[in-house]
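Architecture and fold: a report
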Amino acid sequence: MTERDDTRPKRDEAAINEAQLPYRTAVPEEFFPLRTPEDRGWEEFRDQCRRQMQRPLELRIKYGFCRRIKPASDQISMRAFKTMAEYRAWCEENLPDYLGFKRPAQ
Amino acid sequence: MTPSGFQSEQAVQLARAFDEEGVDYLFIGKGAAILLGFPFVTQDIDVFADRTPENGRRIVRALRKVGFALGSDQEKAIIAGNDFVQIKAAPFDLDVIFAPDGISSFGEAKSRSILLEGFRIASLRDIIASKRASGREKDLLDLEYLERFRQEYERLHAPALRSASAIALNRAHSKR
């Protein structure tokens with residue numbers, strides 16, 4: 001009979017099942033003292049993702065869709081393009097730069 | 001009538017109408033990611049549809065059912081399967097896309113899709129591939145956020161192990 005190896009680090013069950021735990025807003029700073037502001041920004045974004053995934057679908061739709069008036073794009077009620085290339089070209093030619101429909105190289 | 005933002009009851013009506021008419025479709029784009037929990041905001045709904053005349057006719061019937069007053073030009077464009085049809089008539093803005101950038105086949109995308117409370121949604125990997133392939137500034141700005149969201153989503157929604165036969169059945173179903 002072999003003896004159990006108790007020197008192995010104990011599994012942290014709570015950490016493994018983190019997704020099932022009540023939501024926590026942040027990891028205590030002392031755990032990751034070398035985090036950069038960018039790391040913290042992504043942690044905050046990850047927390048936003050978790051909160052949003054916990055919301056029911058109805059609320060995701062409520063908070064996720066908001067219409068605003070778009071110049072040029074809203075002038076007619078329908079447009080159709082035979083190819084995506086034609087559509088991209090139309091957007092680049094007709095929509096203002098600040099809407100972001102252009103490719104960065106242009 | 002000025003279109004308003006997409007409301008949850010409209011979303012349910014649209015998904016139900018597509019289902020009742022047997023439309024082969026996937027929600028795609030940022031709106032689809034938002035349905036999965038992506039914490040961003042968008043204004044319209046993008047639908048990736050299988051390009052067949054019959055599916056086009058089903059789309060037209062479904063859209064009329066939820067209140068779109070489609071004219072004959074719109075009907076023709078959808079049935080003909082034009083790559084991109086943008087509808088700004090009430091009740092909300094909708095893009096019907098038959099050939100999104102970065103996705104080679106509807107069947108394959110459907111086999112990877114997610115069914116969420118009656119909504120058929122493209123996989124996040126396909127949504128990201130499509131955004132990356134479009135190369136537009138506004139899509140490129142979203143990419144890193146979408147990637148981070150995908151990692152978190154997949155961590156919390158790890159797919160169950162599936163048998164080889166289940167995968168084969170799913171592929172056969174998606175090809176039909």
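Scroll up to find the structure.
Here is a short report on the structure shown in this document. These figures come from a predicted structure and were not determined experimentally.

1. Some remarks on the overall build of chain B
A tally of helices and strands in chain B yields eight helices and six strands. Order of helices (α) and strands (β) in chain B, N terminus to C terminus: α-β-α-β-α-α-β-β-α-β-β-α-α-α. Residues classed as buried in chain B amount to 55% of the 176 residues present. Of the contacts made within chain B by residues no fewer than 6 positions apart, 60% connect residues no fewer than 24 positions apart. Just so you have it, chain B exposes about 7,900 Å², and 50% of that area is on carbon and sulfur atoms.

2. Remarks on the packing of helix H3 (residues 57–64) of chain A against helix H2 (residues 29–36) of chain B
The geometry of H3(A) relative to H2(B) is characterised by a closest axis approach of 8 Å and an angle of 140 degrees between their N-to-C directions. Between H3(A) and H2(B), the crossing angle belongs to the class labelled oblique. Crossing of H3(A) against H2(B): the hand is right-handed. When H3(A) is examined against H2(B), the residues Leu57(A), Arg60(A), Ile61(A) and Gly64(A) are found in contact with a partner set consisting of Ile34(B), Leu35(B) and Leu36(B). A per-class count over the contact of H3(A) with H2(B) returns five nonpolar, one polar and one charged.

3. Brief notes about the pairing of strand E2 (residues 45–49) of chain B
Residues and elements named next belong to chain B. Here E2 lies mainly inside the structure; five of its five residues are buried. Residues of E2 alternate between two faces, with Ile45, Val47 and Ala49 on one and Asp46 and Phe48 on the opposite face, all of them buried. Across four bridges, the pairing between strand E1 (residues 25–28) and E2 is antiparallel. Its bridge partner being in E2, Phe27 is matched across the sheet by Val47.

4. Considerations on the interface of chain B and chain A
Taken together, the 54 residues of chain B in the interface contact 41 residues of chain A. Put simply, chain B and chain A have two salt bridges between them. With a shortest N-O distance of 2.4 Å, Arg88(A) and Asp101(B) are connected by a salt bridge. Going through the elements one at a time, helix H1 (8–21), H2, helix H4 (72–80), strand E3 (84–87), helix H6 (124–134) and helix H7 (137–156) of chain B are the ones with two or more residues in the side of chain B that touches chain A. Broken down by element, the residue count for the side of chain B that touches chain A peaks at 11 residues, all from H7(B).

5. Overview of unusual backbone geometry
Residue and element names in this part refer to chain B. In the Ramachandran plot, Glu117 falls in the positive-phi region, its phi being about 50 degrees despite a non-glycine side chain. As for its placement among the helices and strands, Glu117 is situated in the loop between strand E5 (114–116) and strand E6 (119–121). Using a relative accessible area of 62% as the deciding quantity, one classes Glu117 as exposed.

6. Describing the side chain of Lys110(B)
All names here are of chain B. Along the polypeptide, Lys110 turns up in helix H5 (residues 106–111). You can call Lys110 buried: its relative accessible area is 17%. Within the structure, the side chain of Lys110 is placed 2.7 Å from the side chain of Asp24, a separation counted as a polar contact.

7. Considering the environment of Arg150(B)
Residue and element names in this part refer to chain B. Within the secondary structure layout, Arg150 lies in helix H7. Note on Arg150: relative accessible area 12%, which makes it buried. Beyond its immediate chain neighbours, meaning those up to four positions away, Arg150 contacts Leu124, Arg125 and Ile128.

8. A few points about the packing of helix H3 (residues 53–65) of chain B against H4(B)
Residue and element names in this part refer to chain B. H4 packs onto H3 with a crossing angle of 140 degrees between their chain directions and a minimal axis gap of 7 Å. Taken together, the axis directions place H3 and H4 in an arrangement best described as oblique. Residues Pro53, Gly56, Arg57, Ile59, Val60, Leu63 and Arg64 of H3 form the contact with H4, whose own contacting residues are Glu75, Ile78 and Ile79. Residue composition of the contact of H3 with H4, grouped by class: six nonpolar, one polar and three charged.

9. Describing the pattern of salt bridges
Throughout the structure, instances matching the rule amount to 24 salt bridges over all chains. The partner of Arg46(A) in a salt bridge is Asp47(A), with the nearest N and O atoms 3.3 Å apart. The residue Asp83(B) makes a salt bridge to Arg51(B) at a minimum N-O spacing of 2.7 Å. Residue Asp83(B) is located in the loop between H4 and E3, and its partner Arg51(B) is located in the loop between E2 and H3; the two are separated by 32 residues in the primary sequence. You can call Asp83(B) buried: its relative accessible area is 11%. Three or more residues are tied together by salt bridges with common partners; here these are Glu20(B), Glu21(B), Glu54(B), Arg57(B), Arg58(B), Arg61(B) and Lys65(B).

What counts, and at which threshold
Residues numbered from 1 in each chain as written. Chains lettered and ligands numbered in written order. Predicted model: local features only at pLDDT ≥ 70, side-chain atom pairs only at ≥ 80, totals over all residues. Heavy atoms only, no water. Helix = DSSP H or I, 4+ residues; strand = E, 2+ residues; numbered from the N terminus. Buried < 20%, exposed > 50% of the residue type's maximum accessible area, 1.4 Å probe, protein only. Contact = heavy atoms within 4.5 Å. Areas by Shrake-Rupley, 256 points an atom, 1.4 Å probe, with all protein chains shown as cover. Axes fitted to C-alpha atoms, helices over the stretch in contact; angles between N-to-C directions. Parallel < 35°, antiparallel > 145°, perpendicular 65-115°, else oblique. Left-handed = near helix turned anticlockwise from the far one by under 90°. Nonpolar A, V, L, I, M, F, W, Y, C, P; charged D, E, K, R; others polar. Pairing = 2+ DSSP bridges. Salt bridge = Lys/Arg side-chain N within 4 Å of Asp/Glu carboxyl O. Polar contact = N/O pair within 3.5 Å; in protein donor to acceptor, adjacent residues only side chain to side chain.

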